[in-house]
Amino acid sequence: MKARFVLLVLLAGVFTAGLFSTHKVKAQAAPKRIEITAKKFAFDPGTVTLKKGEPVVLVIKSADVAHGLRFRELNLNVKVGKGGTAELPLTPDKTGDFVGHCSVFCGSGHGEMTMTLHVVD
Ligand SMILES: [Cu+2]
């Protein structure tokens, strides 16, 4: 009984510490969240402009089947389930245009399903 109480207190402590650290991160600088809808066979918006060195989170929502988004050059890949949402945190460290492709086969137009990250200084 006593052991169980100690465990509860420990768990509560860990949980509280977790909450605090989350708040700290948010207080510093919450990365900008950019919502992108993926549907057969396009991403909307098709181009997103980012600033080099500025952390963002791409929030990718599927409006139909499972999709993915891969930026080979940036070594990034994320998969989105049918009707689901996935988050892709990234901080671009070079300028230029990076073309991402759908990385989950989704039908006849899959090969043309792309979007561009336009990274500026
Ligand atoms: Cu696809």
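Rules used in this analysis
Residues numbered from 1 in each chain as written. Predicted model: local features only at pLDDT ≥ 70, side-chain atom pairs only at ≥ 80, totals over all residues. Helix = DSSP H or I, 4+ residues; strand = E, 2+ residues; numbered from the N terminus. Contact = placed C-beta atoms within 7 Å. Core = buried A, V, L, I, M, F, W, Y, C linked by C-beta atoms within 7 Å. Buried ≥ 20, exposed ≤ 12 C-beta atoms within 10 Å, placed from the backbone. Pairing = 2+ DSSP bridges. Axes fitted to C-alpha atoms, helices over the stretch in contact; angles between N-to-C directions.

**Q** Explain the overall build of the protein to me, please; I cannot follow it from the model alone.
**A** When helices and strands are tallied, the protein shows one helix and nine strands. Counting from the amino terminus, the protein carries its helices and strands in the arrangement α-β-β-β-β-β-β-β-β-β. Here the analysis covers contacts within the protein between residues at least 6 apart in sequence; of these, 64% occur between residues at least 24 apart.

**Q** What am I meant to see in the nonpolar core here?
**A** In globular proteins that are soluble, nonpolar side chains generally tend to be buried together. Counting 12 residues, the largest nonpolar core is built from Ala38, Phe43, Leu58, Ile60, Leu69, Val80, Leu88, Cys102, Val104, Cys106, Met113 and Met115. Filtering out sequence-adjacent residues up to four positions away, Cys106 remains in contact with Lys40, Phe41, Val65, Ala66, His67 and Met113.

**Q** How do you make sense of the environment of Pro31 when you look at a structure like this?
**A** Position of Pro31 among the secondary structure elements: in the loop between helix H1 (2-29) and strand E1 (32-39). Judged by local crowding, Pro31 falls into the partly exposed class, with 14 C-beta atoms found within 10 Å. Those residues in contact with Pro31 that lie beyond four places of it in its chain are Pro55, Val56, Val57 and Pro89.

**Q** For this particular structure, what's the right way to read the sheet that holds strand E7 (residues 85-90)?
**A** Hydrogen bonds between backbone groups are what pair the strands of a sheet, and the pairing can be parallel or antiparallel. What the four strands build is an open sheet, ordered E2-E1-E4-E7; its pairing is mixed. Edge positions in the open sheet fall to strand E2 (42-44) and E7, since each of these has one partner strand only. Each strand of the sheet is rotated relative to its neighbour by a mean of 25°, with strand direction disregarded. Strand direction decides the pairing type here: strand E4 (residues 56-62) and E7, joined by six bridges, are antiparallel.

**Q** Explain unusual backbone geometry to me, please; I cannot follow it from the model alone.
**A** The peptide bond linking Lys40 to Phe41 adopts the cis configuration, its omega dihedral lying at -5°. In this model, Asp44 is joined to Pro45 through a cis peptide bond whose omega is 0°. Here Pro45 lies in the loop between E2 and strand E3 (47-51). For Asn75, which is not a glycine, the phi torsion comes out positive at approximately 60°. One can find Asn75 in the loop between strand E5 (67-71) and strand E6 (76-80).

**Q** Can you help me understand the environment of Thr95 in this one?
**A** If you trace the backbone, Thr95 turns up in the loop between E7 and strand E8 (96-101). When the C-alpha atoms of Thr95 and Leu117 are compared, they prove to be 9.6 Å apart, with 22 residues separating the residues in sequence. Leave out the neighbours within four places in its chain, and Thr95 touches Lys52, Val119, Val120 and Asp121.

**Q** Looking at this structure, how should I read the pairing of E4?
**A** For a regular strand, side chains alternate in direction, first toward one face of the sheet and then toward the other. Across seven bridges, the pairing between E1 and E4 is parallel. Note that in E4 the partner of Lys32 across the bridge is Val56.

**Q** Whenever I open this one, the environment of Pro89 confuses me. Can you help?
**A** The topology assignment puts Pro89 in strand E7. Expressed as a C-alpha distance, the spacing of Pro89 and Leu76, which sit 13 residues apart in the sequence, is 9.4 Å. Not counting chain neighbours up to four residues away, the residues in contact with Pro89 comprise Pro31, Pro55 and Val57.

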